[in-house]
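Each chain, written out:
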Amino acid sequence: MDAAGVMHRVSKDLEGERVLRWCSASQSRDSKVWREPRREQVPFKERPGNCCHVFQTRDPSSLVLQTLRTRQLNGTCASSVDMELFLHYSLIPSLFIILVLSLLQRREHHRQRDDASYLLGNRFRMIIPLDFVGTFRNRWSYGVAFGATANKVMFLFSEGYQPLQVPQWAQAFVLLIGGIEVGLSHFPFFACLSSEFRLVSSILGFSYSLIWFAVTILHITQCPHGQFVGKYETVMFYWPSLLCLAFVLGRFLYMFVKSLRVHLGWELQMEEKPFLEVHQAEHVKQLLRKCPLQEREKSWFQNRIYEWDPYFQFPSRMIGTTVLAFICLYLFIVIEFCMFVYVRDELDVFEGELESYVASMNQTGMLTPVLLKVKELINVTKGVWVVTILPASLTCVSYLFHILACYRKQMKRLWAGDKHFLPLKFHNPSSSESVVAIARYSGWQIAYILWGYLIIHVMQSLCGLVIMYSLVLPVIHNQALEMLRGLGIGILTISIVLGLMVLQVWIAASFFLQPKMGTADKQKPLALNNRRAFHNFNYFLFFYNVLLGLGACLSRLLISCILGTWLIARIDRTILQSGCERADMGFSAWIGMLYVDHYHTNPVLVSFCHILITGHRERRLQQAIKYWYLNQSAGPRTSVRSRTRWLLLQTLINNPGLVTLRKSRSGHGSQDFTQILLTCSES
């Protein structure tokens, strides 16, 4: 079931019981209150101590009828496509595509076996959807393919997709089975994109994607409206997945045309995936070049926000995680807004009951001021919640971009051998935990963003309520002078406390420290002066600092809560104190993922392995040629030892710092050579 289906089911369960129960209960109440049409009520004059108005009352029954009309747009819609059932049946073509692609694969090492598997020869081989570590090609295609799974990921996140009914203690196994089923149903997208057999995989991938696209379009056209947002609610949930499916269809069509032209001989076959990527080779070349004497000036955007690096590329895992996180965040905001619409309608009914009660008591009841304040709180809360949707969503969107920037910065520091930005406990992480971390990262990053959005939204709403009740509402209720008086007293109190703290520091720097030892010193040395006055200073301030420490403790708690909730979506940094970082599982997954990428995609290491593999292949090729000397050029031959020494000399001249790190040898020749290099480098 998709996100819109979850909303429909919730609305049916709640509306069918709660609203009808309210209607039946309302008919049994006082007919004078519920059956007579309400007249327009004029706000009464404010009494002493009353800061609220009674607004024009409305008939509660009209609210219920309006709510039912807005939510029954799609109430009688019966779609012929059950997306949850289609997900189950999609496993059949998915398994068929996986089987075909596996049969096309060849095993490199084939051993004769006695069982029936020898009939396959060297054909059957396990396929992979994509390389989560070293894939740098077709990154956006993989990312958009991940985006096509956003609706199903939201089902798993809300725990709404449960293919089996089991006890509560076995829910974890059901969610695992559901996740495997969702992954298996979308496996052909990635397997066809990464397959070496481009012609066959493009046909299979295009057909499978077309089935998903057609079924989704059919489901939307049959029931386009919903019960919360109203018109085109289903379209709001499914347009990101439709856009991603359309992109994937275009990608498979492009692959088919390209592979068909190669098959017909109209184009040359593209070379296989290289072991060393172009950007990795360029990064190593940049390291071997001399640093320019004067760096070029950077713009404000490059210094403050982001600077593009042509020699660095994000792996497909990071691109796919970011794209999927964006779409899931959008769906989460839409679902949250649907829940807000439902709660708002319920609160409107409750407000109607309050207005009817106040009108029936002729606005003279003892509870009237309290009820009016409750109504004002409801109205303010609804307004603040809607207003804070935009800043909360922008905060999470900025976190996604910032996490990518932090990934690049921290990876470059690891490549340079710098681990000082990591806590000491993470300098040598466990290998097994790092391997598991790279599998956890993508899912945890999305979950952190979604939960972080909700927590940030709640926190910003609370801050908005504080601002409304402390600044805005007093002005509306003609209490601006009292508000300014209280605000001035509060600011003056805090200023005096902070001033006394600054005064203590100034007295300590002026009277209780010895003078500077040199004119170039930035501050005085940590050496006491005027010890008798210093001890009296400490004694009399001891009792005052006890009271001051209470406020400092509360401010510490408040700042920790604000920063913790504000940075809860940041998986790239821990919100725990130093020494407790391992308790932050999200941060541990981030560090483990960094180490796996560092050990497997380090450009220097990959370049070194590429040189070894290339040299080994060349030697094997020369040994395989019987008359290899016929292919040799008639030009002058160069000794391998001489060439190596020449490259060593060139490296030492370009990097003089390596001269002192070389292993010293006995003999005057080596020392003289080192001294000559040092002299040349200094000059």
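In this text the structure is predicted, and so the values were computed from the model without any measurement.

Student: I tried to follow the pattern of salt bridges on my own but got confused; where do I start?
Tutor: According to the stated counting rule, one finds 9 salt bridges in the structure shown. In this structure, the salt-bridge partner of D348 is K382, at a minimum N-O distance of 3.0 Å. Residue D348 is found in helix 14 (residues 316-360), and its partner K382 is found in helix 15 (residues 368-387); the two are separated by 34 residues along the sequence. A relative accessible area of 17% places D348 in the buried class. Salt bridges sharing common partners tie together D348, E351 and K382.

Student: Help me understand the nonpolar core in this model?
Tutor: Looking at soluble globular proteins, one finds that nonpolar side chains tend to be buried together. Judged by nonpolar contacts, the single largest core of 83 residues is most densely connected at Y407, Y453, W590, I591, M593 and L594. The biggest single contributor to this core is helix 14, with 14 residues. What I591 contacts, discounting residues up to four positions off in sequence, is L422 and F426.

Student: Whenever I open this one, the packing of aromatic side chains confuses me. Can you help?
Tutor: Ring pairs (aromatic) are described by centroid distance and by the angle formed between their planes. Evaluation of the coordinates by the stated rule reveals 21 aromatic pairs. Relative to F534, the ring of F512 lies with its centre 5.6 Å away and its plane at 70°, an arrangement referred to as edge-to-face. Placement of F512 in the loop between helix 18 (480-511) and helix 19 (531-566) and of F534 in helix 19 is noted, with a sequence separation of 22 residues between them. Like F512, the residue F534 is buried in the burial classification. Three or more aromatic residues link up through ring pairs in this structure, and these residues are F312, F314, Y407, W415, Y441 and W590. Here R570 stacks its cationic end above the ring of Y399, 5.7 Å away from the centre of that ring.

Student: Explain the environment of P423 here, please?
Tutor: Tracing the backbone shows P423 in the loop between helix 16 (389-415) and helix 17 (431-476). By relative accessible area, which is 16% here, P423 ends up buried. Sequence separation between P423 and R582 is 159 residues, and the spatial gap between their C-alpha atoms is 9.6 Å.

Student: Would you mind going over helix 5 (residues 91-104) with me for this structure?
Tutor: Side chains of residues three or four places apart in an α-helix project in the same direction, reflecting 3.6 residues per turn. With 14 residues, helix 5 should cover 20 Å at 1.5 Å per step; its first-to-last C-alpha distance of 20 Å lies within 8% of that length. When we look at burial in helix 5, the residues that qualify are L91, S94, I97, I98, L101 and S102. Looking down the long axis of helix 5, one finds its buried residues gathered within 130° of arc, a one-sided arrangement. Away from the buried face of helix 5 by more than 90 degrees, exposed residues I92 and F96 are located. In the core, the buried residues of helix 5 are packed alongside helix 4 (83-89), helix 8 (171-185), helix 9 (187-194) and helix 10 (198-222).

Student: Explain unusual backbone geometry here, please?
Tutor: Note: most peptide bonds trans; most residues except glycine with negative phi. One non-glycine residue, N478, lies in the positive phi region at around 60°. Tracing the sequence through the fold places N478 in the loop between helix 17 and helix 18. Taking the relative accessible area as the measure of exposure, N478 reaches 69% and is therefore exposed. Within the chain, N530 stands out as a residue other than glycine whose phi angle is a positive 55°. Checked against the element boundaries, N530 lands in the loop between helix 18 and helix 19. By relative accessible area, which is 40% here, N530 ends up partly exposed.

Student: Honestly, the environment of F608 in this entry has me stumped. Any pointers?
Tutor: Mapped onto the elements of the fold, F608 is located in helix 21 (residues 603-624). Taking relative accessible area as the criterion, F608 reaches 49% and is therefore assigned partly exposed. Separated by 332 residues in the primary sequence, F608 and L276 have C-alpha atoms spaced 9.6 Å apart.

Student: Help me understand the confidence of the model for the protein chain in this model?
Tutor: Low-confidence regions, as indicated by low pLDDT, have predicted coordinates that should not be scrutinised in detail. Per-residue confidence for the protein chain gives a mean pLDDT of 78; residues scoring 70 or more make up 77%. Mean pLDDT in the protein chain bottoms out at helix 2 (residues 31-34), which sits at 34, and peaks at helix 16, which reaches 93. Note that residues 1-74 has pLDDT below 50 and, in this model, 119 contacts with residues that lie over four places away or in other chains. Low confidence marks residues 626-630, where pLDDT is under 50. Its contacts with residues over four positions away, or in another chain, come to 1 contact.

Student: When you look at helix 15 in this model, what are you seeing that I'm missing?
Tutor: An ideal rise of 1.5 Å per residue puts 28 Å on 20 residues; helix 15 measures up with 29 Å between its terminal C-alpha atoms. When helix 15 is considered as a whole, its buried residues turn out to be T368, L371, L372, K375, E376, I378, V380, K382, V384 and W385.

Student: For this particular structure, what's the right way to read a nonpolar patch on the surface?
Tutor: A grouping of I467, L471, V472, I476, L481, L484, L487 and I491 is seen on the molecular surface, where their side chains present a nonpolar patch of about 720 Å² in accessible area. Among the secondary structure elements, those contributing two or more residues to the nonpolar patch are helix 17 and helix 18. Along the polypeptide, L481 turns up in helix 18. Under the relative-accessibility criterion, L481 is labelled exposed at 66%.

Student: What is the right way to read the packing of helix 18 against helix 19 from this model?
Tutor: The angle between the axes and the distance between the axes are what describe a pair of packed helices. Between helix 18 and helix 19, the shortest axis-to-axis distance is 13 Å and the interhelical angle comes to 150°. In this view, helix 18 runs roughly antiparallel relative to helix 19, as classed from their interaxial angle. Remark: the crossing between helix 18 and helix 19 carries left-handed chirality. Residues V497, L500, M501, Q504 and I507 of helix 18 form the contact with helix 19, whose own contacting residues are F537, L541, Y544, N545 and L548.

Conventions used here
- Residues numbered from 1 in each chain as written.
- Predicted model: local features only at pLDDT ≥ 70, side-chain atom pairs only at ≥ 80, totals over all residues.
- Heavy atoms only, no water.
- Salt bridge = Lys/Arg side-chain N within 4 Å of Asp/Glu carboxyl O.
- Helix = DSSP H or I, 4+ residues; strand = E, 2+ residues; numbered from the N terminus.
- Buried < 20%, exposed > 50% of the residue type's maximum accessible area, 1.4 Å probe, protein only.
- Core = buried A, V, L, I, M, F, W, Y, C linked by side-chain atoms within 4.5 Å.
- Contact = heavy atoms within 4.5 Å.
- Phe/Tyr/Trp six-rings, centres within 6.5 Å; stacked < 30°, edge-to-face > 60°.
- Lys NZ or Arg CZ within 6 Å of the ring centre and 35° of its normal.
- Expected span 1.5 Å × (residues − 1).
- Arc of directions from axis to C-beta.
- pLDDT = per-residue confidence, 0-100.
- Patch = residues over 30% accessible without salt bridge, like charges linked within 9 Å, V, L, I, M, F, W, Y side chains within 5 Å.
- Areas by Shrake-Rupley, 256 points an atom, 1.4 Å probe, with all protein chains shown as cover.
- Axes fitted to C-alpha atoms, helices over the stretch in contact; angles between N-to-C directions.
- Parallel < 35°, antiparallel > 145°, perpendicular 65-115°, else oblique.
- Left-handed = near helix turned anticlockwise from the far one by under 90°.

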